[in-house]
Amino acid sequence: MPGKVDWREYHAKRKDEFRQLQIALDAVVDGIGAPRPEPKPAGQRGKGRPPYSPKAMVKVNVLRIYLRLSYRDMEAYLKANAGAMERLGLQSVPGQDTIHRHAETLTETYLSKLNDALVARLKKNRSTPPSMPPASRSRGTRDVGTLPNPMSGKARSGSKSTP
């Protein structure tokens, strides 16, 4: 039976993981740019509500996916967390339809480029020693012996050979 879980440590690591994702997401989206150009300033566009920044909406949708939230839940999350809105660069909370419409405009090539850049930025250092020894590659719990060497023509130990 595993030992007792230290929930404070778990939540601290989870919070740090979320913070690291936000930092990486800011850098990556600023680096590769938004899928669409930024909207024109207030005096140079038509009447109506000012559009949301495409960079901010990309960040909203990536965080929505990371947090496994629906569009409606993401809207509620942003309404409840003014700090999250500020970190994402939003002046007001986008509605669920706005979040959904923006998610539909993201192309597969842009998402692939974004994913590759995020993975490269968040990849753990490979020089660190693994926390666990490598797992056995056998599927069963019994000792399966040694695998045959195709060059030597010998069969696996424990198996019958045919004449």
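Computed from a predicted structure; not experimentally measured.

Another point: the confidence of the model for the chain. Averaged over every residue, the pLDDT of the chain is 78; the share at 70 or more is 70%. Contacts from residues 128-133, a stretch scored under 50 in pLDDT, to residues over four places away or in other chains number 0 contacts. When the criterion is pLDDT under 50, residues 141-147 qualifies, and its contacts beyond four places in sequence or with other chains add up to 6 contacts.

Under the criterion given, the structure shown has 2 aromatic pairs. Where W7 meets Y10, the ring centres are 5.4 Å apart and the plane angle is 80°; that geometry is what we call edge-to-face. Of the two residues, W7 and Y10 both sit in helix α1 (residues 7-32), 3 residues apart, roughly one turn of that helix. Of the residues examined, Y10 reaches a relative accessible area of 43% and is grouped as partly exposed.

Let us look at the side chain of H102. Relative to the helices and strands, H102 resides in helix α5 (residues 96-105). Once residues within four sequence positions are removed from consideration, H102 is found in contact with P35, R36, P54, M57, V58 and N61.

Of note, R64 is situated in helix α2 (residues 54-67). Here R64 is buried and forms no salt bridge, its nearest opposite-charge partner D73 lying at an N-O distance of 9.2 Å. Filtering out sequence-adjacent residues up to four positions away, R64 remains in contact with L69, S70, Y71, M74 and I99.

All right, on to the nonpolar core then. Grouped together as the largest cluster of nonpolar side chains are 24 residues, with contacts concentrated most on V58, V60, L63, L78, L90, L114 and L118. Broken down by secondary-structure element, the contributors of at least two residues to this core are α1, α2, α3 (71-80), α4 (82-88) and α6 (108-122). When sequence neighbours within four positions are dropped, the list of residues in contact with V58 reads V29, P35, H102, L106, Y110 and L114.

Bringing the pattern of salt bridges into the picture now. Inspection of every chain in the model, using the stated rule, returns 6 salt bridges. Across the pair E17 and R14 runs a salt bridge, and its minimum N-O distance is 3.2 Å. One end of the pair is E17 and the other is R14, both in helix α1 and 3 residues apart, which spans about a single turn. Judged by relative accessible area, E17 falls into the partly exposed class, the value being 40%.

Attention now moves to α5. Considered for burial, the residues of α5 that qualify are I99, H102 and A103. Looking straight down α5, one finds that the buried residues subtend no more than 105° of arc, so they occupy a single side. Residues R101 and E104 are exposed on α5 and point more than 90 degrees away from its buried face. Contacts from the buried residues of α5 go to α2 and α3.

Quick notes on the rules
Residues numbered from 1 in each chain as written. Predicted model: local features only at pLDDT ≥ 70, side-chain atom pairs only at ≥ 80, totals over all residues. Heavy atoms only, no water. pLDDT = per-residue confidence, 0-100. Contact = heavy atoms within 4.5 Å. Phe/Tyr/Trp six-rings, centres within 6.5 Å; stacked < 30°, edge-to-face > 60°. Helix = DSSP H or I, 4+ residues; strand = E, 2+ residues; numbered from the N terminus. Buried < 20%, exposed > 50% of the residue type's maximum accessible area, 1.4 Å probe, protein only. Lys, Arg positive; Asp, Glu negative; His and termini not counted. Salt bridge = Lys/Arg side-chain N within 4 Å of Asp/Glu carboxyl O. Core = buried A, V, L, I, M, F, W, Y, C linked by side-chain atoms within 4.5 Å. Arc of directions from axis to C-beta.

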